[in-house]
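Each chain is listed here by its residues.
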Amino acid sequence: MRILVKLGDLYGATRLIPIESAHISGVSYKTIGDAPTEFLEEIVKTQGKTKVRSTVNPSAFDVDRVEEMGISKELRQKQFKIIDLYKKMGVTPALTCTPYYLEKPKPGSHLAWAESSAVVYANSVWRAWTNREGGPSALASALIGKTPNYGMHRPDERNPNILVKIKPGLKREIDFGALGIYVGKLLKEGIPIFSGLTGYTKTGLKQLGAGLASSGMTSIFYIREETERKDLEKITIGEKDLRNTIENLSTGSEPPDLVFLGCPHSSLSEIKWIAEEIKHKKVRNDVRLWICTSRHVRNSAKRYVDIIEAAGGKVLCDTCAVVAWLKNLGVETLMTNSAKTAYYAPTFNRVETVFAPMKKCIDAACEL
Ligand code: F3S
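Draft legend 1. Representation of the site of the ligand within the structure. Residues in close proximity to the ligand include Pro58, Cys97, Glu115, Ser117, Gly262, Cys263, Pro264, Cys320, Val322 and Lys340, which together make up its full environment. For the shell around the ligand, the leading source of residues is strand 11 (residues 258-266), giving 3 residues. Considered class by class, the residues forming the shell around the ligand number 6 nonpolar, 2 polar and 2 charged.

Draft legend 2. Representation of the packing of aromatic side chains. Enumeration according to the criterion identifies 9 aromatic pairs in this entry. Relative to Tyr121, the ring of Tyr100 lies with its centre 4.2 Å away and its plane at 20°, an arrangement referred to as stacked. With Tyr100 in the loop between helix 4 (73-88) and strand 4 (110-113) and Tyr121 in helix 5 (residues 116-124), the pair connects residues that are 21 residues apart, well separated along the chain. Seen from their ring centres, Tyr343 and Tyr344 are 5.7 Å apart, and the 75° between their planes marks the pair as edge-to-face. For Tyr343, a relative accessible area of 29% gives the class partly exposed. Members of the aromatic cluster, connected to one another through ring pairs, are Tyr100, Tyr101, Tyr121 and Trp126. A cation over a ring is seen here: Arg158 above Trp129, with NZ or CZ 4.4 Å from the ring centre.

Draft legend 3. Examining the sheet that holds strand 8 (residues 192-195) more closely. Strand order in this open sheet of 4 strands is 9-8-7-10, and the pairing throughout is parallel. Edge positions in the open sheet fall to strand 9 (222-224) and strand 10 (233-237), since each of these has one partner strand only. Direction aside, neighbouring strands of the sheet carry axes that sit 25° apart on average. Pairing between strand 8 and strand 9: 3 bridges, direction parallel. Looking across to strand 9, one finds that Ile193 is bridged to Tyr222.

Draft legend 4. Representation of the packing of helix 3 (residues 34-45) against helix 4. Direction vectors running N to C along helix 3 and helix 4 enclose 30°, while the axes themselves pass 10 Å from each other. Judged by the inter-axis angle, helix 3 sits roughly parallel to helix 4. As for the relative orientation of helix 3 and helix 4, their crossing is left-handed in sense. Contact with helix 3, carried on its side by Asp34, Thr37, Leu40, Glu41 and Val44, involves Lys78, Lys81, Ile82, Leu85, Tyr86 and Lys88 of helix 4 and no other residues of that element.

Draft legend 5. Fine view of helix 8 (residues 202-215). Here helix 8 is 14 residues long and its end C-alpha atoms lie 20 Å apart, about the 20 Å a rise of 1.5 Å per residue gives. For helix 8, a buried count of 12 out of 14 residues is recorded, marking the element as mostly surrounded by other parts of the structure. Within helix 8, burial applies to Gly204, Leu205, Lys206, Gln207, Leu208, Gly209, Ala210, Gly211, Leu212, Ala213, Ser214 and Ser215.

Draft legend 6. Here's a closer look at the sheet that holds strand 4. Taken together, 4 strands build an open sheet; the order of strands is 3-2-4-5 and the sheet is parallel. Edge strands, defined here as strands with exactly one partner in the open sheet, are strand 3 (53-56) and strand 5 (129-132). Ignoring strand direction, the axes of neighbouring strands in this sheet form an average angle of 20°. Alignment of strand 4 against strand 5, held across 4 bridges, turns out to be parallel. Bridge assignment links Trp113 to a residue of strand 5, and that residue is Arg132. The strands touched by helix 5 are strand 4 and strand 5; relative to strand 5, the strand with the most contacts, the crossing angle is about 155°.

Definitions and limits used
- Residues numbered from 1 in each chain as written.
- Predicted model: local features only at pLDDT ≥ 70, side-chain atom pairs only at ≥ 80, totals over all residues.
- Heavy atoms only, no water.
- Near = heavy atom within 4 Å.
- Helix = DSSP H or I, 4+ residues; strand = E, 2+ residues; numbered from the N terminus.
- Nonpolar A, V, L, I, M, F, W, Y, C, P; charged D, E, K, R; others polar.
- Phe/Tyr/Trp six-rings, centres within 6.5 Å; stacked < 30°, edge-to-face > 60°.
- Buried < 20%, exposed > 50% of the residue type's maximum accessible area, 1.4 Å probe, protein only.
- Lys NZ or Arg CZ within 6 Å of the ring centre and 35° of its normal.
- Pairing = 2+ DSSP bridges.
- Axes fitted to C-alpha atoms, helices over the stretch in contact; angles between N-to-C directions.
- Parallel < 35°, antiparallel > 145°, perpendicular 65-115°, else oblique.
- Left-handed = near helix turned anticlockwise from the far one by under 90°.
- Contact = heavy atoms within 4.5 Å.
- Expected span 1.5 Å × (residues − 1).

Set out below in structure tokens:
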């Protein structure tokens, strides 16, 4: 309660409001370490229990495939302990960054979500209302069932303040991700309204939101057909801006050791697409192909998962390449279609990155 009241005071909230769900980050032992684990232990000792539907972000490995992921016994125990502590609080161990594939938030519902890509998606695509919480504040909201009413919970703070005109016809998922990275850096906390975006899919919007939230602090975006809004500041994004952003998101070159798809975690339609693409191919012996998703989606995609795994790929749950210990697996170069991963992995995982569309990633992973 003290965390929530302090946040409310800082940001000018007038009261606490009930939330429909919480989504908590800070689960992978690789990213949080020991002190936050002790904090979770203290909450469990005092019988802390969640008051609303609560889910958690990915951990450092697929809990059913620990053996394959090069994890020492000690690290395994530490990760399982964190998951267990959340379970004791009543949190659903979804271990995914796309909780909206488990249960779609209702338009206008108030949430306290901590995964930045999911926050942008929930606000922009589902029209739910959530601030970009930190792990501790999302957990506090899960335990209290409420959040302070500032920021994205107020209609007047959700208005767009900059018109972003797009010239090129964006098609590939990497174009949307790169657009997000470019605009996120420019705007920081601004709220963009994109004009000129046509033919987009939910996958494209997921990449756009993840990119915006990686390089900036944007929590919501809008899309409109009209190109004139006289009341707003305008910026125009040209083909060259996107081309440069895409080039800069690659720090290395092919061949990769690991091809990683599924950041943010894959939807059923993405897994289906990958299965179609790979069904007559074979993954090379010297490359790993990871497709990361939630257990929920993996279970409903069994037919496609079987095709991908028969070709030599792995459809992993509960984790992703960014929060896993890649160095333990000897990975030096990671290839991905995710702008968010390409943006973080060089510093977070200390690997080289190659940023390319899904089809090119699969081709790089497979024998000719
Ligand atoms: Fe999800 Fe990992 Fe990307 S948590 S958003 S797949 S960096």
